[in-house]
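# Structural description and commentary
In case you want the letters, here they are:
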Amino acid sequence: MQPRRFIFWTLAPAFGLLAALALISIAGALYFSVMDRSLRYPDYDFVGLYNFERLFGDRRFLNALKISALWEIITVAGSLLVAVLLSVFLFENTRSATARNLICLAFLAPVLLPRVAAAFIWRFLYSPTLGLINYVCELVGLGQVEFLASPSLALFSVAAVDIWQWGLFFTVILLKLLETLPKEPIEAAQLDNARTWEIHAYVTLPMLRAPIISLALVKAVESLRSFDLIFVMTGGGPGTATETLDLYAYQMGINLGGRVSYASAMSILLLLITIVIFTLVWRGIRKWAA
Amino acid sequence: MANIKCTNIRKSYGSVTVIEDLNLDIPDHEFVVFLGPSGCGKSTMLRMIAGLEEISGGTVEIGERDVTRLPPGARGVAMVFQSYALYPHMSVYDNIAFGLRRQKVAETEIAARVKQVSGLLGLEQLLERKPRNLSGGQQQRVAMARAMIKTPKLFLFDEPLSNLDAKLREKLRTEIRRIHLDLKTTTIFVTHDQLEAMTIADRIVLMKAGAIEQQGTPSEIFDRPATRFVADFIGSPAMNFRDCTVANRGEVVELSSGSLHLEVPAADFEPLADGTIVEVGLRPSKMDVAGDGAHNAITGRVVLVENMGSEGQVVVDVDGRDMSLVTKAFRSLSSGSPVTFAIDADSIHLFSKRTGRSLRKAA
Ligand SMILES: Nc1ncnc2c1ncn2[C@@H]1O[C@H](COP(=O)(O)OP(=O)(O)O)[C@@H](O)[C@H]1O
Ligand SMILES: [Mg+2]
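Residues numbered from 1 in each chain as written. Chains lettered and ligands numbered in written order. Predicted model: local features only at pLDDT ≥ 70, side-chain atom pairs only at ≥ 80, totals over all residues. Heavy atoms only, no water.

### Re a nonpolar patch on the surface
Judged by side-chain polarity, L132(A), Y135(A), V136(A), L139(A), V140(A) and L142(A) come together as a nonpolar surface patch covering roughly 670 Å² of accessible area. Residue position: L132(A) is located in helix α6 (residues 132–139). (Patch = residues over 30% accessible without salt bridge, like charges linked within 9 Å, V, L, I, M, F, W, Y side chains within 5 Å. Areas by Shrake-Rupley, 256 points an atom, 1.4 Å probe, with all protein chains shown as cover. Salt bridge = Lys/Arg side-chain N within 4 Å of Asp/Glu carboxyl O. Helix = DSSP H or I, 4+ residues; strand = E, 2+ residues; numbered from the N terminus.)

### Concerning unusual backbone geometry
Residue and element names in this part refer to chain B. A cis amide bond links S236 to the next residue, P237, at an omega of 0 degrees. With respect to the secondary-structure elements, P237 resides in the loop between α8 (228–233) and β11 (240–249). Even without being glycine, E64 reaches a positive phi, approximately 65 degrees. Considering the arrangement of structural elements, one finds E64 in the loop between β4 (57–62) and β5 (65–66).

### Details of the site of ligand 1
All names here are of chain B. Taken together, Y13, V18, P37, S38, G39, C40, G41, K42, S43 and T44 make up all the residues around ligand 1. Here ligand 1, which alone exposes 560 Å², has 55% of that area covered by the protein. Here the element with the most residues in the shell around ligand 1 is helix α1 (residues 42–50); it accounts for three residues. In terms of residue class, the shell around ligand 1 is made up of four nonpolar, five polar and one charged. (Near = heavy atom within 4 Å. Nonpolar A, V, L, I, M, F, W, Y, C, P; charged D, E, K, R; others polar.)

### Description of the interface of chain B and chain A
Tallying the contact residues gives 22 residues for chain B and 16 residues for chain A. Summing both sides of the interface, chain B and chain A together bury roughly 1,700 Å²; the carbon and sulfur share of this comes to 59%. When the buried area of chain B at its contact with chain A is split by residue, Y87(B), H89(B) and R102(B) rank highest and sum to 30% of it. One can count three salt bridges joining chain B with chain A. Taking the shortest distance from any N to any O, the salt bridge between K150(B) and D192(A) comes out at 3.0 Å. For the interface between chain B and chain A, the tally reads nine residue pairs in polar contact (both at pLDDT 80 or more). Secondary-structure elements contributing two or more residues to the side of chain B that touches chain A are α1, β6 (77–80) and α2 (92–102) of chain B. Considering each element in turn, the side of chain B that touches chain A owes the most residues, three residues, to α2(B). Within the side of chain B that touches chain A, the residues separate by chemical class into 12 nonpolar, five polar and five charged. (Contact = heavy atoms within 4.5 Å. Buried area = accessible area lost by both parts, 1.4 Å probe. Polar contact = N/O pair within 3.5 Å; in protein donor to acceptor, adjacent residues only side chain to side chain.)

### Side note on the domain arrangement of chain B
Residues and elements named next belong to chain B. Segmenting chain B into domains produces domain 1 (4–233) and domain 2 (240–352). On a C-alpha basis, the centres of domain 1 and domain 2 stand 39 Å from each other. At the interface, eight residues of domain 1 touch eight residues of domain 2. Around 800 Å² of area is buried between domain 1 and domain 2 when both sides are counted, 52% of it from carbon and sulfur atoms. Per-residue buried area on domain 1 facing domain 2 is highest for F222, R224 and R228; these three make up 60% of the total on that side. The interface formed by domain 1 and domain 2 holds three salt bridges in total. With a closest N to O distance of 3.4 Å, K286 and D223 form a salt bridge. (Domains from an automatic or database assignment.)

### Quick word on the sheet that holds strand β19 (residues 338–343) of chain B
Residue and element names in this part refer to chain B. Taken together, the five strands give an open sheet; going across it, the order is β15-β19-β16-β17-β18, and neighbouring strands pair in antiparallel fashion. In this open sheet, the two strands that pair with only one neighbour each are β15 (287–289) and β18 (321–327). This sheet shows a mean twist of 45 degrees between the axes of neighbouring strands, independent of strand direction. Here β15 pairs with β19 via three bridges, running antiparallel. (Pairing = 2+ DSSP bridges. Axes fitted to C-alpha atoms, helices over the stretch in contact; angles between N-to-C directions.)

### Quick look at helix α3 (residues 107–120) of chain B
Quick reminder: α-helices carry 3.6 residues per turn. Residues three or four places apart thus point the same way. All names here are of chain B. A rise of 1.5 Å per residue sets the reference length of α3, with its 14 residues, at 20 Å; its end C-alpha atoms lie 20 Å apart and thus fit the reference within 8%. For α3, the full list of buried residues reads I110, V114, V117 and S118. The buried side chains of α3 occupy one side of the element, clustering within an arc of 100 degrees when seen end-on. Opposite the packed face of α3, turned more than 90 degrees from it, sit the exposed residues T108, K115 and Q116. Close packing links the buried residues of α3 with α2 and α4 (136–148). (Expected span 1.5 Å × (residues − 1). Buried < 20%, exposed > 50% of the residue type's maximum accessible area, 1.4 Å probe, protein only. Arc of directions from axis to C-beta.)

### Structural notes on the packing of helix α7 (residues 154–180) of chain A against helix α10 (residues 209–223) of chain A
Residue and element names in this part refer to chain A. One way to put it is that α7 packs onto α10 with a least axis distance of 12 Å and a crossing angle of 160 degrees. Taken together, the axes of α7 and α10 lie roughly antiparallel to each other. Handedness of the α7/α10 crossing: right-handed. Contact residues: D162, W166, F170, I173, L174 and L177 in α7; P211, I212, L215, K219, E222 and S223 in α10. The residue inventory of the contact of α7 with α10, partitioned by class, reads eight nonpolar, one polar and three charged. (Parallel < 35°, antiparallel > 145°, perpendicular 65-115°, else oblique. Left-handed = near helix turned anticlockwise from the far one by under 90°.)

### Regarding the packing of helix α3 (residues 59–93) of chain A against helix α12 (residues 245–255) of chain A
When two helices pack together, their arrangement is captured by the angle between the axes and the distance separating the axes. Residue and element names in this part refer to chain A. Contact pair α3 / α12: the axes reach a minimum separation of 8 Å and the direction vectors enclose 145 degrees. Residues R60, F61, A64, L65 and S68 of α3 pack against L245, Y248 and Q251 of α12. Of the residues that constitute the contact of α3 with α12, the class distribution is five nonpolar, two polar and one charged.

Below, the structure written as C-alpha cells:
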C-alpha cells in the first residue's frame, strides 16, 4: 500500500468516530434547542426559536455570559502573567541545573492533580474556620476572609486555583523556552546597557512571542472547560457570582429545572459565540504576529 | 578610546583551568588580533574583557579604570559576534538604536546618529527591514553599526567574518580596517584564520592552550617565529620542517639531513654542540628555483604543481619526503622533473627539539 493510503486508512476510523460523536451530540443539541422538551412532561413539540428569544431576556443567562467572559480573561491573563514573571525570575535567579529541575518538578505537580482533587484541597485551604489561608490572614491582621462566600471575591478565589495549576505549568514551559534561546542577543543587550527587565521585555519575550500566543490560545480553550473546578468549589455561588454558562446550562437542564431544550439552546449559543470569538481572535493574532 | 591592561588573568570552569596567568597590554588606538587554533581560549579572553564571562583571577583595566567587577554595559565596550546576534524581531533601525535608547538619548539625536552610521556602512536602504530578510554580510554590517553607534572605548570582534563566504569576508575585512583607520578606536579582533590576522592586525597575539605563545607585528610573527608552534601555525602553505644534525664550521653552522645541506651564520644563533639534532624550518614562500651552484641549494624531484594564478605551489620530493615551495617560475616545472631551489640563510629557522623554542638570537 502507498504510504498516503496507509496513513489515511489507519487514521480514518479514529477520526470517523470522533467526528461522529461530536456531530451526533451537536445535532442532538440542535434538535432539542428548537423543541420544548422538559423532564416534567413526557411529550414535546416544535417551538422554533422560542428558546433563543427567551434566553436574551433571561438576566441569569446574561449574568452567566458576563461571568464566563470574566473567567476567560482572568484565568488566561493570570496564568500568562504568573508564568512570565515567575519564569523570568527563575531564569535570572537559579543558577544550578538541579535546583531548577527540582523547582520545575514541583511546579508540574499541581496541573497533574485532577481538577476535582485540586478543588477540594483549595476549598479546604480557603475554609473560614479550618483553612490555612485564613489562619495566615488572621496572623497578619486581615481577620477572617470569606474567600468563597463573598460575591466579590469568590470568582477570583476560584480563578486563583486555576492559575495555580496552569500558571505554574506554563512557568515550566516558558523557563524551558527561555533556556533554548540563543545566548548572543541577550549578551548583546547586556553590552547595550539594558537592565535585566529591559532585556526580557525587549529581547527575550518578544523572541518568544509565537509560543506565548500559542499558550494563550491553549489556555483560552482550556478555561472554557472549568465546570468541574467551579462546581466543586462554589457550585456557581454565592448566588450567581461564579455561575458560568456551562454551570447555568447544567442547573437548567439537569439539576433544577430539567428544561432540556432551554439548556440545549444555551449550549448551541455558547458554541456559536465561542466559534465567532475564537475566529476573530485568531485572525487578529495572525495579523499582529506577521 | 583607551588602552587595555590585563594582569594575571586566570579562568577556570570548575576544576578545568582554561587560561592561566595571562598578561597583556594593548596601547590606545591599536588593532590587536587574538589568533590561535580552536579552543585555545581566544573567545574566553575576549568575553572576560567584555564582562560576559566571570574572571576567576586577575584584573582587567580599560583606560586606566579597573573594570574587573563591572557589568558589561558599564565597561564602554561594544562587541560584534560571529552569529551577528541581532535582535530578530526588531527592524534594522531599532537594532542599531537599541543601545542609545537604553541610555535615554533623545530620539532626534538617535535618528541623526543612526543616519550617520548607516551611511558609513551602506545600510540606508535597509533600515526598515527585519534581520531575517538580510544576507549574512548585511546582517554583520548591522551588527557593526550597532556596535559603532555607541562610540565605545573598545571594539571587540569575535570571529565576525567566519560565517561569510570568501569574497565577502575579504570585502568586510577591508571595511573593518578602514573604519579603524577612521575612528582609531582600540580594537581586539579574534580569529583562527592566520591570513585574516596577518592582513588586518597592527599586532598579533598568538595564543596556544590558554597562554600567549608570541605577540608582535604580522611581519615579526611571520619572519621571526618564537616557537615551532608559531612557525607552523602561520603561513600557507605551511612551513617545511626537517630534523637536521648540527656541525660547527667556524663562522657557519652546517645543518644536514640526508641530501640536505644548509649553512647558517653561527653568530645569529645560540651556540650549538656538534651532533645536536635541531628542527629546521623552511618557509615555502622564502624559497625559489635556483641554479645548481647556488648557496643553500636543495635538489629534488617535482611531485606536483598547483597553479595559484600569479604564483604556483610546487611540492618536491626531497629524500622521500615532501617539501613545498612557492614560486613565480612554476610554469617551467612539471611532475617528475628534477628541480633545484635555494633559500636565503636569513630565512632558515632553527628550533630546539626539546623546548620547541627558536634558537635564533634576539635581534
Ligand atoms: N562554559 C564552559 N564550560 C567549560 N569549558 C568551557 C566553557 N566555555 C569554554 N570552555 C573551554 O574553554 C576553552 C577555550 O574556549 P574558547 O575561548 O571558546 O576557545 P576559542 O574561542 O579559542 O576557540 C575550550 O577548551 C573550551 O572547551
Ligand atoms: Mg571562539
